[in-house]
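# Tertiary structure, described
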Amino acid sequence: MTSGVREDGHPLPEVSIENVGEPIRFARVEELSGFAAETAGKGQEVKIFTRLAITSDEPGFHRLAESIAGMIRAWGAGSPATADISAFKFVLLVLKPDQTAELWLDTAAVALKCIVSRDVVAGAAVFQHEIADLLALEFPCVAFGSQDKVICLMREAWGFGLVFDMNPSGELDMEALGRELGRLYRQLSFRHLYQAVGNADSMDRLMAQGWFPFAEILHREFTDILAHHAGGLGLDEVESSIVAQFDRARLDHMLSRWLAKPHFAVKEALLKEGVDAFLQGRPITAIKVLVTEIEGILNVAYRAHTGKAGKTKALLAFAIESAEKRTGGPGTLFLTTEFNRYLLNYMFASYDPDNLTEGTVSRHLVGHGDAGSESYTLVKALQVILTLDQLAFYT
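As the structure is a computational prediction, the values presented were derived from the model and not from experiment.

Calculation criteria
- Residues numbered from 1 in each chain as written.
- Predicted model: local features only at pLDDT ≥ 70, side-chain atom pairs only at ≥ 80, totals over all residues.
- Heavy atoms only, no water.
- Pairing = 2+ DSSP bridges.
- Helix = DSSP H or I, 4+ residues; strand = E, 2+ residues; numbered from the N terminus.
- Axes fitted to C-alpha atoms, helices over the stretch in contact; angles between N-to-C directions.
- Core = buried A, V, L, I, M, F, W, Y, C linked by side-chain atoms within 4.5 Å.
- Buried < 20%, exposed > 50% of the residue type's maximum accessible area, 1.4 Å probe, protein only.
- Contact = heavy atoms within 4.5 Å.
- Salt bridge = Lys/Arg side-chain N within 4 Å of Asp/Glu carboxyl O.
- Phe/Tyr/Trp six-rings, centres within 6.5 Å; stacked < 30°, edge-to-face > 60°.
- Lys NZ or Arg CZ within 6 Å of the ring centre and 35° of its normal.
- 1 Å grid on protein atoms, 1.4 Å probe; cavity = no way out; pocket = protein on both sides within 12 Å on 5 of 7 lines; lining within 4 Å.
- Points joined across faces, edges and corners; volume = space filled by probe spheres on them.
- Nonpolar A, V, L, I, M, F, W, Y, C, P; charged D, E, K, R; others polar.
- Lys, Arg positive; Asp, Glu negative; His and termini not counted.
- Polar contact = N/O pair within 3.5 Å; in protein donor to acceptor, adjacent residues only side chain to side chain.
- pLDDT = per-residue confidence, 0-100.

Right, let's get into the sheet that holds strand β9 (residues 149–156). Judged by pairing direction, the sheet is antiparallel, and its 6 strands sit side by side in the order β1-β6-β5-β9-β10-β4 without closing on themselves. Every other strand in the sheet has two partners, leaving β1 (24–26) and β4 (51–55) as the edge strands with one partner each. Taking the axes of each pair of neighbouring strands and ignoring which way they run, one obtains an average angle of 10 degrees across the sheet. In this structure, β4 lies alongside strand β10 (residues 159–165), joined through 5 bridges in antiparallel fashion. Within β10, the position partnered with R51 by the bridge is D165.

Residues W211 and W258 are the most contacted members of the largest nonpolar core, which totals 95 residues. If you tally residues by element for this core, the top one is helix α15 (residues 378–394), at 11 residues. When neighbours within four sequence positions are excluded, W211 is seen to be in contact with L206, I217, I225, L235, E239, I242, Y342, V379, L382, Q383 and L386. The next biggest cluster of nonpolar side chains, apart from the first, holds 24 residues, and it includes L32, L64, L105 and L162.

As a further point, take the pattern of salt bridges. Scanning the model with the defined rule gives 22 salt bridges in all. The partner of R248 in a salt bridge is D252, and the shortest N-O contact between them spans 3.5 Å. Highlighted residues: R248 and D252, both in helix α7 (residues 248–259), separated by 4 residues, approximately one helical turn. Judged by its relative accessible area of 40%, R248 is partly exposed. The exposure class of D252 is partly exposed, given its relative accessible area of 34%.

Turning to helix α3 (residues 191–198), a few remarks are in order. Turning to α3, its buried residues number three or more, namely R191, L193, Y194, A196 and V197. Packing partners of the buried residues in α3 comprise β10, α2 (174–189), α4 (200–208), α5 (221–230) and α13 (336–347).

So, about the packing of aromatic side chains. What the rule picks out here adds up to 16 aromatic pairs. Here the aromatic rings of W258 and F264 are separated by 6.0 Å at their centres, their planes lie at 40 degrees, and the arrangement is tilted. Among the residues examined, F264 registers a relative accessible area of 1% and is labelled buried. Pairwise contacts between aromatic rings join F212, F214, F334, F339, Y342, Y346, F393 and Y394 into one cluster. One cation-aromatic arrangement involves R250 over F246; the distance from NZ or CZ to the ring centre is 3.9 Å.

With that settled, the discussion passes to empty space enclosed by the protein. Inspection of the entire model under this criterion finds 1 cavity of 30 Å³ or more. The volume enclosed by the largest cavity comes to roughly 30 Å³. Surrounding the largest cavity, F90, V91, L92, W104, D106, T107, A108, V110 and F139 form its lining. When residues of the lining of the largest cavity are assigned to their parent elements, the largest contribution, 3 residues, is made by strand β5 (residues 90–95). Tallied by class, residues from the lining of the largest cavity come to 7 nonpolar, 1 polar and 1 charged.

This part is about the side chain of R186. Tracing the sequence through the fold places R186 in helix α2. It turns out R186 is buried and unbridged, and the closest side chain with the opposite charge, D133, is 4.9 Å from it. Residues contacting R186, with those up to four places away along its chain left out, are D133, L134, L135, R191, Y194, G331, T332 and L333.

Note on placement: H192 falls in helix α3. In this structure H192 comes out as partly exposed when scored by relative accessible area, which is 47%. Considering only alpha carbons, one finds H192 and L391, 199 residues apart in sequence, at a separation of 24 Å.

Peptide bonds are mostly trans, and most non-glycine residues show a negative phi. Even without glycine at this site, A157 takes up a positive phi of about 50 degrees. Relative to the elements of secondary structure, A157 occurs in the loop between β9 and β10. You can call A157 partly exposed: its relative accessible area is 33%. In this structure, L335 is a non-glycine residue whose phi angle is positive, near 50 degrees.

Looking now at the side chain of E293. One can find E293 in helix α11 (residues 293–306). Looking at E293, its side chain comes within polar contact range of the side chain of K267, at 3.2 Å. With residues up to four places along the chain from it excluded, the contact list for E293 reads K267 and L270.

As a further point, take the environment of R303. As for its position among the elements, R303 is in helix α11. When its relative accessible area of 41% is taken as the criterion, R303 is described as partly exposed. Each C-alpha atom of the pair R303 and E22 lies 53 Å from the other, and the pair is 281 residues apart in sequence. Not counting residues within four places of it along the chain, the set of residues in contact with R303 comprises K308 and A309.

Moving on to the confidence of the model for the chain. Here the chain averages 91 in pLDDT, and 94% of its residues register 70 or above. With pLDDT under 50 throughout, residues 1–12 is counted as low confidence; its partners more than four residues away or in other chains account for 19 contacts.

The structure is reproduced here in structure tokens:
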């Protein structure tokens, strides 16, 4: 059970988590070693999958899923509940070492392990736009034994995912399994996003305009940016609309997120000055103040971590490494690999006075005074603010 305190200081009621029903139990099942990875005749060698995570977008999924469904139908001996497991959102099969099994058909409690963009207390509603990253999917009220074998089929956003671990070592790693389940859930839920960032040419063109799937806009404004970009439409109108969404309340919320980090807090006066300038419609001041502080903030964090100052590339690598330590690696909604490219190719692009890129306000162009006056727009100022915000999640 968990509890918390409301904004008015009164305690929240305790929040309990429990399964919504009991599993179907099979008294005797054959011991399962895995699933054939290839076709083989009798007496021939064959590879067997003992661990796998796959979505319905990948070859081989449907054959594996039907094999599992057929196995469950046979064990259920005609039970209506096991006749069509594809109708359920979460199918969790736990195979016990005593050759019994538990089948949870949308009856096991499900928890998503997330990084959120605001403070939350137990029992509070969390909306999708407040989820900065999704790290794992867990079944917190199912008792797993160290020698259990686990199969999970899930349905999400017009697709399916399958994860299984036949646990050949006899030491079930539920933390690793949860991360794999979370990865597939992300992949299914945000298929459109991963498809977009997977197109390097398209993303490079979008980054060249200063845009990225920043955590603050990922579930909201970025959808419009992506739709216009994919359709070959100009971004002027949608950019003006997005700038208007960043009012005092929203930016104050972002500031509070930044200032909770020591390496941001030491720059409080400068950060507030830059944000105030944006709100007052003074993009030149906002950009001049904020874009040069990105490196300074990273250096404060880097120095605290290493005991010494770092050069630009070392600082950017440190930011990416810090994010991946939080999330367990690349590939999450933080999109660390892609953001590294954004930082290196746009916000911290190499300075070449003989080959200036029109309309950009990179750190080095601004620092050298070579950014054209027409580049200092509220849109570019917002992109600098969103870059700082992304780094607040990362470091």
